[in-house]
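Residue-level structure breakdown
Spelled out from the first residue to the last, the chains are:
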Amino acid sequence: MAEVIIRQLTKSFGENTVVKSVSLKVADGEFLVLLGPSGCGKSTILRLIAGLEEATSGEILINGKIVNFVSPVNRNAAFVFQNYALYPHMSVRKNIAFPLATAGMPKPAIDEAVQDAARILELSDLLERLPSQLSGGQRQRVALARAIVRKPAVFLMDEPLSNLDAQLRQQTRLELMDLHRRLGITTIYVTHDQIEAMTMGQRIAILKDGELQQVAPPLEAYDQPANIFVARFMGAPPMNLIPVSVSGSEPTWSATTQGGSIDFDLKSVGITQAAIGAHMSESLQIGIRPEHLSLGAVGTGLSGKVRFIEPTGSDTFVTVQVGEKNVVVRCGVNETAKIGESVGLAVNPAKMHLFSADGWNLRTK
Amino acid sequence: MTTTSATPEWAQLTMSPDECARERSRFRRHALKPIIGFLGPFLFLWTLFLAVPMGWATWLSFNEGGLVSDAKFVGFKNWTTFLNNDELRTAIKNTSVYVVVAITVVFGLGLILAALLNNNKKSQNFFKVALYFPLLIPPIMAGMIFFFLTHYDMGVINLLLQTAGQDRVNFLGANPNALMTIAGLEVWRGLGFWVLFYLAGLQSVPTDLIDAGKIDGARNTRRFLRISLPTLRPLMLFALVIALIFNFQLFDSVQALTKGGPTLGTTSIVWFIYKQLFTFQQSGVAYATSLALLLLVVALTIFAYGFLGHRKDGLK
Amino acid sequence: MKVLADGDGQDLIALERRSSSLRSAKSAASYAVLVLFTIISVGPALYIISPAFRDSKSLFSYPPQWLPSEFFLGNFQFLLTQTNYVRWAMNTLIFATGVTLIALVIDTLAGYAFARMQFPLKKTLFGLILATLMVPTAAVLAPTYLLVRFLDDWTFGLVGIDTFPGLILPMTVSPLGVFMMRQFIETLPPGLYEAARIDGASEWRIFTRIVLPLMKPAIVVLGIFVFMLQWANLLWPLVATTKDETRVLTVGISTLQGQFVTNWGVIAAATLMTLVPITVVFLFFQKWFVQASVAGALKQ
């Protein structure tokens, strides 16, 4: 059981700084997801916490103790590797037993612990197999068993599902969440898959180019993205962005695009008068998710021409060209539109975001 | 605006930079400990038996004595003796002739046989084993075997020539026959190695290149000359340097077959060093020669590393 | 290749037939060349059987004798009773095995350090060792000999001329071995090493429990490579030994060539007796041998 804190953590490889002063607090028993595109430094942060890399500066605390200069095993953190890193010449039993045997635990105690871990992960029948004789999902479970057998204070998982096929991935995702619920071990989970992050994480920390963008529960990150990067990274298809110029004064403001203008009041979009005053002269953009737009007759809200129609079965995504921008609208399957047709787009102003020129959301929580 | 806001209290650093540096160096020192165990044994033996002898050879080449008596500094005397020594000149000439002949023949034959083997997938393994076989035989014993082939009176080749009514050939007792016989021995022993070497190279030629050649209708020979060979070129250049270095150390077959004779006709550089050192006790000259050989090898190695960059395209 | 259009099928089939007969003639020729070189490769070594079973007189008889008229065992008898052949053979085994074992230990250890461990000056040190990759025994023969003679005094006779340590240790240093081992360890997934660190294993435990078991193929290849090199080694044993107690086969057989008279039958017998066991071993492990020799050259 442990709380993990990282303070102004920085890691450089030569000239290349991959983690830039990241501070993060993970509560005891929490499931935190580090999310970002490849190369954003999320795996490096995990490896720094595990002790596989040495931090350039900053502090790492596990259970209140600074562990920067503590060897990996004494940090009491277990690591699950992307490609599982099972010892290929050892049976499943020996793989799971390895950390305990290394610690010099007596044999009967090891056997018992291995049995326990194998039972939790349904590996009891596979103990004598070699890793090469296992399926991807089974290997993954062996890697987990090897991690839990030590009863670690922290679980560090580096994209553990990315080598599984889609169906198995979804199933294992549920199993992992169940495991976390049962064991209650603090878990830091690295992924580039926003669906995984949304469904698994109690909080999500989103990174870009080694910098922390936002730390928030999944729905908050989705509904209140801190900036354009988070807004676009969370959700598929991504949030629509349309350049606007804002004019008006209390109580009615309007955002004018090439395809019409949207009237809004500051309270419903959560922006202070001071904030809008400071940024009004910039080239602002509004962000609106596809599900917060709806098709209507020409003249309602924005207007444009239908370019593409993509039915997915449950929804239909209609791409409408508004000015020079393509805007995706999520429609019901029964709504009809024709390619080339001119349509109107109704915007729900309460769900609209306004982003400053440097990409930050002007909304205050 | 998470990153722009002020650092919250929980994220303030608590370790002073001094403390941090101290802990870091303690941690690193601790991590360094096992290095000694892993690197120590090799490094110790390497220093003792490779680095020290190399340095010593350099120093001794400027001294007289040293092997049995105390060393005396004589400056470049050994080097001038070295450069004016007729026997050494002969040794260098002999070694060079031998190297050129042996390498030309073994490379040519090796390449041809490798190409033939490459097209002969069925019994490839049998031929590989058969051609490799002479490499098992230590050169000194290969020398003995060659004695029974090339001896003037009882050698098989001369017996065959006699039964065919031809004149016998004095393989070992005349010049330049003796040197050529030694070259023949090394070709015989080394051929299998170069066949396997080239075969490995040929088999690493990307198959799509070969297939492209087939589709273009290129004939076997043409395909070999135009596609396989150019891809092999970097590998061959590198192999050439290795072969040069190995062959400049000619000694064993000289010891087995001719002992440097007749009249210095097969005296090689290493044979010369050995004789100077252990027969004539002329150690200073021997060290100077050793050092010259070392410099030659280093030069060839640097040459080899020059090609190392190219080597990758040929192999992988 | 066999896609034929309907219309010109006949012509193409004829062409195909002609070129296939040409091809089989060509392949027969290439087969003949390969067979010829097989005979050249194996023949001389096989011929040694004949003189091994003949006495000196019959070797030089005229008209020449190709095969022994009777099975003369005197050469073998002489070899086993009048010379220290058995001792030499044992010494060769001790020498080559000793060098191989020590080289394997120090090379895998150092290879691991260079592949997986971090320490200051690592690159410089590795570069320095690589620079000596090609230094031939012959070039450092004289000072090495001198060094071993000095070590005799310094180590109270433990390492010196005519001792096994003195014979073995200088030959164990092979930068090539370290290089090969480092290359191999670098091909192992780094995750294994990291997983073991997380699991609390020390460097030594990672090395013995994780890396070493996975290195078996590389160790066999390097082992054969070193053994082959040393079992054929003449120059250093010739310099480093003066007595039969430490003399190895290559040196022993070369001493059979007398100053004045050489009994060639005995030499043939000695050569034959030496070649038979190594040939048997070779035939059992041919795949590894072939790999070892090519690996030695290609992996540099």
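Sequence order as written defines the numbering, with residues in each chain counted from 1. Numbering of ligands from 1 and lettering of chains from A proceed in the order in which they are written. Per-residue local features are limited, in this predicted model, to residues with pLDDT of at least 70; the limit for side-chain atom pairs, both in listing and counting, is 80 or more; totals at the level of whole chains, interfaces and linings are taken over all residues. Side-chain calculation: all heavy atoms of the structure are included, whereas hydrogens and water are not.

**Looking at the overall build of chain C**
Helical segments are the DSSP runs of H or I of at least four residues, strand segments are the runs of E of at least two, and each set is numbered from the N terminus. A tally of helices and strands in chain C yields 16 helices and zero strands. Note on classification: 1.4 Å probe, protein chains only; a residue is buried when its accessible area is under 20% of the maximum for its type, exposed when over 50%, partly exposed between these limits. Within chain C, the fraction of its 300 residues that count as buried is 55%. Here the contacts in chain C between residues at least 6 apart in sequence split such that 70% fall between residues at least 24 apart. A 1.4 Å probe and the Shrake-Rupley method give the accessible areas. Residues count as covered only by the protein chains that appear here. About 14000 Å² of surface is accessible on chain C, with carbon and sulfur atoms providing 67% of the total. Contacts between residues were defined by any pair of non-hydrogen atoms, one from each residue, lying within 4.5 Å.

**Some details on the interface of chain A and chain C**
Quite often, the size of an interface is put as the accessible area lost when its parts meet. Facing 22 residues of chain A, the contacting portion of chain C comprises 15 residues. Summed over both partners, the accessible area (1.4 Å probe) lost when two parts come together is defined as the buried area. Of the roughly 1600 Å² buried at the junction of chain A and chain C (both faces included), carbon and sulfur atoms supply 65%. When the area that chain A buries against chain C is broken down by residue, the three leading residues are A:Tyr87, A:His89 and A:Phe98, summing to 30%. By definition, a salt bridge exists where a carboxyl oxygen of Asp or Glu is found within 4 Å of a side-chain nitrogen of Lys or Arg. For the pair chain A and chain C, the interface holds two salt bridges. Put simply, A:Arg47 and C:Glu194 hold a salt bridge, and the shortest N to O gap is 2.5 Å. Polar contact is defined as a pair of N or O atoms within 3.5 Å, subject to the rule that within protein one atom must be able to donate a hydrogen and the other to accept it, and that residues adjacent in sequence are counted only when both atoms are side-chain atoms. Counting across the interface, chain A meets chain C through eight residue pairs in polar contact (both at pLDDT 80 or more). Contributions of two or more residues to the side of chain A that touches chain C are made by α1 (42-50), β6 (77-80) and α2 (92-102) of chain A.

**So, the packing of helix α5 (residues 85-116) of chain C against helix α6 (residues 122-131) of chain C**
Residue and element names in this part refer to chain C. With axes taken as lines fitted to C-alpha atoms, and helix axes fitted only over the stretch in contact, angles between N-to-C directions fall between 0 and 180 degrees. The interhelical angle for the contact between α5 and α6, taken along N-to-C directions, is 135°, at an axis separation of 10 Å. As judged from the angle between their axes, α5 and α6 are oblique. By crossing handedness, the relation of α5 to α6 is classed as left-handed. Of the residues in α6, those in contact with Ala-113, Phe-114 and Ala-115 of α5 are Lys-122, Leu-125, Phe-126 and Ile-129. We call Asp, Glu, Lys and Arg charged. Ala, Val, Leu, Ile, Met, Phe, Trp, Tyr, Cys and Pro are nonpolar, and the rest, Gly among them, are polar. In the contact of α5 with α6, the residues fall into six nonpolar, no polar and one charged. Orientation categories follow fixed angle ranges, with anything under 35 degrees roughly parallel, anything over 145 roughly antiparallel, 65 to 115 roughly perpendicular, and all other angles oblique. Each crossing gets its handedness from the near helix: less than a right angle anticlockwise from the far helix is left-handed, clockwise is right-handed.

**Here's the deal with the layout of surface pockets**
Here the term cavity refers to a set of points on a 1 Å grid, laid over the protein atoms alone, in which a 1.4 Å probe fits but cannot get out; the term pocket refers to an open set having protein on both sides within 12 Å along at least five of seven lines, with lining residues being those that place an atom within 4 Å of a point. Grid points are joined across faces, edges and corners, and a volume is the space filled by probe spheres set on the points. In this structure, the second largest pocket occupies an estimated 1300 Å³ of space. Surrounding the second largest pocket, 38 residues form its lining, B:Ala31, C:Gln118, C:Tyr193, C:Arg197 and C:Glu203 being those nearest its centre. Those elements that provide at least two residues to the lining of the second largest pocket are β1 (4-13) of chain A, α1 (17-60) of chain B together with α5, α10 (190-198) and α11 (203-214) of chain C. In terms of residue count, the dominant contributor to the lining of the second largest pocket is α1(B) (nine residues). Class assignment of the residues belonging to the lining of the second largest pocket gives a composition of 18 nonpolar, eight polar and 12 charged.

**Points about the pairing of strand β19 (residues 342-347) of chain A**
Residues and elements named next belong to chain A. In terms of strand pairing, strand β15 (residues 293-296) meets β19 through four bridges, oriented antiparallel. Bridge assignment links Leu-293 to a residue of β19, and that residue is Val-347. Here strand β16 (residues 302-311) pairs with β19 via four bridges, running antiparallel. Bridge pairing links Ser-303 to Gly-344 in β19. Only when DSSP finds a minimum of two bridges between them are two strands counted as paired.

**Structural notes on the side chain of C:Thr100**
Note that C:Thr100 resides in helix α5. Beyond its immediate chain neighbours, meaning those up to four positions away, C:Thr100 contacts C:Gly223, C:Val226 and C:Phe227.

**With respect to the sheet that holds strand β8 (residues 186-191) of chain A**
All names here are of chain A. Taken in spatial order, the six strands of this open sheet run β6-β7-β8-β3-β9-β10, and their pairing is mixed. Of all strands in the sheet, those bounded by a partner on one side alone are β6 and β10 (211-216). The sheet shows a mean angle of 15° between the axes of neighbouring strands, direction not considered. Bridge analysis of strand β3 (residues 31-35) against β8 gives five bridges, and the strand direction is parallel. Bridge pairing in β8 links Leu-35 to Thr-191.

**Side note on the sheet that holds strand β2 (residues 16-26) of chain A**
Residue and element names in this part refer to chain A. Ordered by their spatial adjacency, four strands build an open sheet running β2-β1-β4-β5, and the pairing between neighbours is antiparallel. Every other strand in the sheet has two partners, leaving β2 and β5 (65-66) as the edge strands with one partner each. Pairing analysis gives seven bridges linking β1 to β2, with the strands arranged antiparallel. Each bridged residue has a counterpart across the sheet, and for Ile-5 the counterpart in β2 is Lys-25. Taken strand by strand, α1 contacts β1, β2 and β4 (57-62), and its axis lies near 115° from that of β1.

**Structural notes on the domain arrangement of chain B**
Residue and element names in this part refer to chain B. Domains are outlined according to an automatic or database domain assignment. Splitting chain B by domain gives domain 1 (16-60) and domain 2 (77-308). Taking only C-alpha atoms, the centre of domain 1 and the centre of domain 2 are 40 Å apart. Contacts between the two partners involve four residues from domain 1, matched on the other side by five residues from domain 2. Roughly 410 Å² of surface becomes buried between domain 1 and domain 2 when both sides are summed, with 77% attributable to carbon and sulfur atoms. When the buried area of domain 1 at its contact with domain 2 is split by residue, Met-54, Ala-57 and Leu-60 rank highest and sum to 83% of it.

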